[in-house]
Amino acid sequence: MNAEKIRNDFPILSQSVNDEPLIYLDSAATAQKPLAVLDAVQSYYETSNANVHRGVHTLADRATSQYEAVREKTRAFIHAADSAEVLFTRGATTSLNWVAKSWGEANVKAGDEIVITIMEHHANLIPWQQLAKKTGAALNYIHLTADGQLDMEEAARLITNKTKIVAVTHCSNVLGTINPIKELAQLAHQAGAVIVVDGAQAVPHMPIDVQELDADFYAFSGHKMLAPTGTGVLYGKRALLEQMEPVEFGGEMIDFVYEQDSTWTELPWKFETGTPNIAGTIGLGVAIDYLNEQDRTAIHEHGQLLLQRLWPQLQQIEGLTIYGPQDIAQRTGVISFNLDGLHPHDVATALDMEGIAVRAGHHCAQPLMRELDVPATVRASFYLYNTPEEVDRFVASLQAVKEFFANGFI
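Residues numbered from 1 in each chain as written. Predicted model: local features only at pLDDT ≥ 70, side-chain atom pairs only at ≥ 80, totals over all residues. Heavy atoms only, no water.

Novice: What is the right way to look at the overall build of the protein chain in this model?
Specialist: Counting secondary structure elements, the protein chain contains 14 helices and 17 strands. The C-alpha atoms of the protein chain give a radius of gyration of 22 Å, which matches the 22 Å a tight globule of 410 residues would have. Principal-axis analysis of the C-alpha atoms places the extent of the protein chain at approximately 75 × 55 × 35 Å. In the protein chain, which comprises 410 residues, the share counted as buried stands at 56%. (Helix = DSSP H or I, 4+ residues; strand = E, 2+ residues; numbered from the N terminus. Rg over C-alpha atoms; globule rule 2.2 N^0.38 Å. Buried < 20%, exposed > 50% of the residue type's maximum accessible area, 1.4 Å probe, protein only.)

Shown next as structure tokens:
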């Protein structure tokens, strides 16, 4: 990959922050948007703005065609069997809540068990926590091995014939750990459970085949994969989606409405109520085109090359602790770390003064922070537009921050 060339497609990256060239290392929170996506959103509003599925006039037909074309594009992108298995949502959080509210409440009861991992983002934790409280089911956690990978021996013990749902992140937003989804799916299905995968951190970086993974549900957000905010996808196996009731009600998702009852339209529209984020979804389609042009295998390899450059340099910084797998091949381009004696927010603020945007905090993963026995970490996350030179400048700035505070400037 030619990251320098790719950067030309992202106008936001050409600016200076605090009189320094911007280095954006917070793509795990949200990715920047290429011109093609920005232009597509503007073009929709300038040429095709109309509501979808409702009108017979030319603009409505044009908008509907553009919008529904993204559904088929998304199906191919994740290798789903049927475009009806692709539901458009506001993001991964909405997608996961839909599964918990609809499939979960209809199928989980007192005495059942829900299995998740200690590394989950709150979006794939709190819905199951609330479902367990509402139904009386038990919520059980798979913990980590010493090197930050999922303890698969514990997973095999916890997933039993009492388990109804296994919910797991494909890639940790803190540790960068890539989890063995196919193996977990086998454990879940052998026990008669469904597996729900949070793919928000995986889809932007690597090829995804939901049929090969045998995921029952797979959720991801558009904004982490170059698309506008407020866009997302829930994939579900058709047989499961057919059984499920919608969780939001109103226009668009109905077939017939009577004074005392209503019936729902067919998949996928029975779940998609109201006016959707049409412009954002069209932008999502262009983001998919962009990622396909770059090749997601190459994107993952680029992240690995950046980590290979970064890893030995970080290990030279005294007092720096890196969390997660020590084997770079087992992680995405996410690095969480702490410097002895320094609060993560102080480190992030000091790096910002050097024009470097990183994340600091608990990263919506408070149970994982307790597992790591830290209140927070600094997180640098790399993507297709980051360069080896930025890696070097990040390390140099981090070393300078360490020395700055060591000299008593607190």
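Novice: What's the story with the packing of helix 3 (residues 58-78) against helix 10 (residues 278-294) in this structure? I'm lost.
Specialist: Describing two packed helices takes the angle between their axes plus the distance from one axis to the other. For the pair helix 3 and helix 10, the least separation of the axes is 9 Å and the interaxial angle reads 40°. Classed by the angle they form, the pair helix 3 and helix 10 counts as oblique. As for the relative orientation of helix 3 and helix 10, their crossing is left-handed in sense. Of the residues in helix 10, those in contact with Q66, Y67, V70, K73, T74 and F77 of helix 3 are I278, T281, I282, L284, G285, I288, D289, L291 and N292. Class assignment for the residues of the contact of helix 3 with helix 10 results in 8 nonpolar, 5 polar and 2 charged. (Axes fitted to C-alpha atoms, helices over the stretch in contact; angles between N-to-C directions. Parallel < 35°, antiparallel > 145°, perpendicular 65-115°, else oblique. Left-handed = near helix turned anticlockwise from the far one by under 90°. Contact = heavy atoms within 4.5 Å. Nonpolar A, V, L, I, M, F, W, Y, C, P; charged D, E, K, R; others polar.)

Novice: Just checking my understanding: could you explain the sheet that holds strand 13 (residues 320-323) for this structure?
Specialist: Backbone hydrogen bonds hold the strands of a sheet together, and the pairing may be parallel or antiparallel. The strand order across the open sheet formed by 4 strands is 13-14-17-16, and the pairing between neighbours is antiparallel. Taken across any chain shown, the strands that pair with only one partner, and hence form the sheet edges, are strand 13 and strand 16 (359-361). Averaged over all pairs of adjacent strands, the angle between their axes in this sheet comes to 30°, without regard to strand direction. When strand 16 meets strand 17 (residues 377-381), the two strands line up antiparallel, connected through 3 bridges. Bridged to A360 within strand 17 is V378. Where helix 11 (residues 296-315) meets the sheet, its contacts fall on strand 13 and strand 14 (334-339), and the angle it forms with strand 14 comes to roughly 10°. (Pairing = 2+ DSSP bridges.)

Novice: Quick question: what am I supposed to make of the layout of surface pockets here?
Specialist: If a probe as big as a water molecule is rolled over the atoms, it shows which places are left empty. Put simply, the largest pocket is a space of about 350 Å³. A28, H121, N173, Q201 and K224 are, among the 23 residues lining the largest pocket, the residues nearest its centre. For the lining of the largest pocket, a count of residues per class yields 9 nonpolar, 10 polar and 4 charged. Approximately 250 Å³ is the volume found for the second largest pocket. Taken together, 18 residues form the lining of the second largest pocket, with F88, T89, R90, P276 and N277 sitting closest to its centre. Mapped by element, the contributors of at least two residues to the lining of the second largest pocket are strand 4 (86-89) and helix 10. Broken down by class, the residue content of the lining of the second largest pocket amounts to 6 nonpolar, 9 polar and 3 charged. (1 Å grid on protein atoms, 1.4 Å probe; cavity = no way out; pocket = protein on both sides within 12 Å on 5 of 7 lines; lining within 4 Å. Points joined across faces, edges and corners; volume = space filled by probe spheres on them.)

Novice: Please explain helix 14 (residues 388-406) as it appears in this structure.
Specialist: For an α-helix, the turn length of 3.6 residues means that residues three or four places apart are oriented alike. Taking 1.5 Å of rise per residue, 19 residues should cover 27 Å, and helix 14 covers 27 Å from first to last C-alpha, within 8% of that figure. Residues of helix 14 that are buried include every one of E390, V391, F394, V395, S397, L398, V401 and F405, and no others. Down the axis, helix 14 shows its buried residues gathered within 165° of arc, on one side only. (Expected span 1.5 Å × (residues − 1). Arc of directions from axis to C-beta.)

Novice: Explanation requested: the packing of helix 12 (residues 344-353) against helix 14 in the structure shown.
Specialist: Packing of helix 12 against helix 14 leaves a shortest axis separation of 10 Å and a crossing angle of 120°. Comparing the axis directions of helix 12 and helix 14 gives the class oblique. Judged by the twist between their axes, the crossing of helix 12 over helix 14 is right-handed. Residue-level contacts link D346, V347, A350 and L351 of helix 12 to F394, S397, L398, V401 and F405 of helix 14. Here the residues of the contact of helix 12 with helix 14 sort into 7 nonpolar, 1 polar and 1 charged.

Novice: I tried to follow the environment of L87 on my own but got confused; where do I start?
Specialist: Mapping L87 onto the fold places it in strand 4. For L87, a relative accessible area of 0% translates into the label buried. Discounting chain neighbours no more than four positions away, the residues touching L87 are R71, W98, G232, V233, L234, L241, P268, F271 and E272.

Novice: I keep staring at unusual backbone geometry and nothing clicks. Help me out?
Specialist: With the exception of glycine, the majority of residues adopt a negative phi angle, and the majority of peptide bonds are in the trans configuration. For the bond running from L267 to P268, omega is 0°, close enough to zero to count as cis. Assignment of secondary structure puts P268 in the loop between strand 12 (262-264) and helix 10. One non-glycine residue, D373, lies in positive phi territory at about 65°. Within the secondary structure layout, D373 lies in the loop between helix 13 (366-372) and strand 17. Accessibility expressed as a relative area gives 70% for D373, which makes it exposed.

Novice: Teacher, can you tell me more about the packing of aromatic side chains here?
Specialist: To describe a pair of aromatic rings, one takes the distance between the centres and the angle between the planes. Taken as a whole and judged by the stated rule, the model has 12 aromatic pairs. When the centroid spacing of 5.3 Å and the interplanar angle of 70° are considered together, the rings of Y67 and F88 count as edge-to-face. Note that Y67 is positioned in helix 3 and F88 in strand 4, a separation of 21 residues in sequence. Per residue, the accessibility class of Y67 equals that of F88, and both read buried. Taking 5.5 Å as the distance between ring centres and 85° as the angle between the ring planes, the aromatic pair formed by F404 and F405 counts as edge-to-face. Each member of the aromatic cluster is reached from another via a ring pair, and the members are F10, Y290, Y383 and Y385. (Phe/Tyr/Trp six-rings, centres within 6.5 Å; stacked < 30°, edge-to-face > 60°.)

Novice: What is the right way to read the pairing of strand 7 (residues 163-169) from this model?
Specialist: Consecutive side chains of a regular strand alternate in pointing toward one face of the sheet and then the other. Among the 7 residues in strand 7, 7 count as buried, and that is most of the element. Examined bridge by bridge, strand 5 (residues 113-117) and strand 7 share 4 bridges and lie parallel to one another. Directly across from I114, in strand 7, lies its bridge partner I165. The sheet contact formed by strand 7 and strand 8 (residues 194-198) spans 5 bridges and is parallel. Each bridged residue has a counterpart across the sheet, and for V168 the counterpart in strand 8 is V197. Crossover handedness for the path strand 7 to helix 7 (residues 181-190) to strand 8: right-handed. (Right-handed = clockwise from strand over helix to strand, strands pointing away.)

Spatial relationships are all this shows, so hold off on functional conclusions.
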